Amino acid sequence: MDLKFNSSRKYISITVPSKTQAMSPHIKSIDDIVVLGINLSRFNRLTQFFICVAGVFVFYLIYGYLQELIFSVEGFKPYGWYLTLVQFAFYSIFGLIELQLIQDKRRRIPGKTYMIIAFLTVGTMGLSNTSLGFLNYPTQVIFKCCKLIPVMLGGVFIQGKRYNVADVSAALCMSLGLIWFTLADSTVAPNFNLTGVVLISLALCADAVIGNVQEKVMKLHNASNSEMVLYSYSIGFVYILLGLTCTSGLGPAVTFCAKDPIRTYGYAFLFSLTGYFGISFVLALIKIFGALLAVTVTTGRKAMTIVLSFIFFAKPFTFQYVWSGFLVVLGIFLNVYSKNMDKIRLPSPYDLINKMVDLRKSRTLAQTV
């Protein structure tokens with residue numbers, strides 16, 4: 001705020017900064033949302049939604065296939081943390097390249113915040129990758145899908161959000177369906193390990209927190225996706241490198257991967273590339289539509305990943321998978337409905353009863369005539 005005094009005319013001129021200036025001195029436009037060189041701000045919200053959903057599904061379906069393919073390499077299962085280290089290195093490189101392509105390269109989010117986000121990211125992806133050494137892939141995905149409720153709880157406690165009945169019902173339907181899926185899996189192919197369950201549960205907690213934290217800081221500082229990816233994953237890379245060095249887990253992993261670099265580092269590169277593209281669209285979803293809708297979309301993607309997992313990798317099957325899948329789809333519908341309640345109006349039970357009564361009256365009148 002600038003104050004200007006003029007003694008001759010005796011007045012005070014007050015200049016109030018614009019909203020953009022008040023938010024950050026580095027922000028040129030608060031509306032620009034660029035993903036992989038595509039400026040989504042030029043499209044309406046519906047088009048933005050479909051572009052983001054298409055990006056999430058295409059890239060993450062390939063990502064899921066490659067992840068299971070890597071862990072199908074004989075002897076690779078103990079090296080989940082090393083895979084995460086390589087993945088974080090590639091993400092940092094990709095983020096640096098993308099950041100060079102945009103005009104404003106200055107960091108907007110404080111370094112301390114990035115240290116927290118990096119720690120949560122390491123917990124989410126590192127523990128998730130490592131759990132595949134103890135659990136089969138569909139079970140791991142099912143556990144990850146159950147993060148909808150923790151995200152909602154995180155939204156309440158971190159951002160002070162309030163959710164309606166449709167959101168809560170969506171979370172319950174999806175979680176119940178996924179739990180049913182897990183029970184079916186334990187009956188048909190009991191491959192559970194307590195260590196794997198603990199690892200994926202901890203990853204779930206970190207994942208539930210990180211979505212809300214990212215949404216809050218990206219909206220507050222108007223940071224770009226490439227900035228978020230570069231700093232969070234590069235700092236996370238340092239965390240994992242220090243951890244593997246202290247636990248003597250780096251040497252054996254490097255030796256193992258050097259024996260077959262094409263199937264290890266080659267798969268890891270494609271795995272990281274598709275994951276980077278996917279996370280860029282997820283961050284865009286979080287920034288535009290919020291963490292809850294982003295989790296709903298990624299949960300639907302995980303359900304499709306499970307289907308492809310059964311198609312491409314031989315596994316036992318039971319129809320309990322189908323019924324639990326219907327519950328998940330119902331949960332997704334309820335969540336989409338809750339976001340568009342003003343556009344989609346479902347009939348209430350009272351309306352349905354009145355319609356049935358009117359229908360019976362018309363039939364009775366027709367028979368009388």
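Our structure is the block above this text.
Residues numbered from 1 in each chain as written. Predicted model: local features only at pLDDT ≥ 70, side-chain atom pairs only at ≥ 80, totals over all residues. Heavy atoms only, no water.

**What about the overall build of the chain?**
Helices and strands together make up the secondary structure of the chain, namely 14 helices and 4 strands. Relative to its 369 residues, the chain shows a buried fraction of 46%. For the chain, contacts bridging at least 24 residues in sequence account for 83% of all contacts bridging at least 6. A total of about 19,400 Å² of accessible surface is found on the chain, and carbon and sulfur atoms cover 68% of it. (Helix = DSSP H or I, 4+ residues; strand = E, 2+ residues; numbered from the N terminus. Buried < 20%, exposed > 50% of the residue type's maximum accessible area, 1.4 Å probe, protein only. Contact = heavy atoms within 4.5 Å. Areas by Shrake-Rupley, 256 points an atom, 1.4 Å probe, with all protein chains shown as cover.)

**Some points on the packing of helix 9 (residues 225-246) against helix 11 (residues 261-289)**
Where helix 9 meets helix 11, the axes come as close as 10 Å, and the angle between the chain directions of the two elements is 120 degrees. Considering their axes alone, helix 9 and helix 11 lie oblique with respect to each other. For the element pair helix 9 and helix 11, the recorded crossing hand is right-handed. Taken together, the residues of helix 11 that come into contact with helix 9 (itself represented by Asn225, Ser226, Met228, Val229 and Tyr233) are Tyr276, Ile279, Ser280, Leu283 and Ala284. (Axes fitted to C-alpha atoms, helices over the stretch in contact; angles between N-to-C directions. Parallel < 35°, antiparallel > 145°, perpendicular 65-115°, else oblique. Left-handed = near helix turned anticlockwise from the far one by under 90°.)

**Describing the packing of aromatic side chains**
A full pass over the atoms with the stated rule returns 20 aromatic pairs. Taking 4.7 Å as the distance between ring centres and 75 degrees as the angle between the ring planes, the aromatic pair formed by Tyr91 and Tyr233 counts as edge-to-face. Linking Tyr91 in helix 3 (residues 80-100) with Tyr233 in helix 9, this pair joins segments that are 142 residues apart in sequence. Under the relative-accessibility criterion, Tyr91 is labelled buried at 1%. Centre to centre, the rings of Tyr91 and Tyr276 are 6.1 Å apart; their planes meet at 65 degrees, and the pair counts as edge-to-face. Separated by 185 residues along the polypeptide, Tyr91 in helix 3 and Tyr276 in helix 11 bring together distant segments of the chain. (Phe/Tyr/Trp six-rings, centres within 6.5 Å; stacked < 30°, edge-to-face > 60°.)

**A short note on the nonpolar core**
In globular proteins that are soluble, nonpolar side chains generally tend to be buried together. Residues Phe76, Tyr82 and Met228 are the most contacted members of the largest nonpolar core, which totals 70 residues. Of the residues forming this core, the biggest block, 12 residues, is contributed by helix 11. If sequence neighbours within four positions are ignored, Phe76 has contacts with Ile70, Phe71, Leu83, Phe256, Cys257 and Thr264. Counting 6 residues, the second largest nonpolar core, distinct from the first, contains Leu135, Phe143, Leu199 and Ile200. (Core = buried A, V, L, I, M, F, W, Y, C linked by side-chain atoms within 4.5 Å.)

**Let's talk about helix 10 (residues 250-259)**
Residue pairs spaced three or four apart in an α-helix point in one direction, given the helix's 3.6 residues per turn. All buried positions along helix 10 are accounted for by Ala253, Phe256 and Cys257. For helix 10, the buried positions fall inside an angular range of 95 degrees around the axis, keeping them on one side. Summarising the geometry of helix 10, the exposed residues directed more than 90 degrees from the buried face are Ala258 and Lys259. Turning to helix 10, the residues buried within the fold contact helix 3 and helix 11. (Arc of directions from axis to C-beta.)

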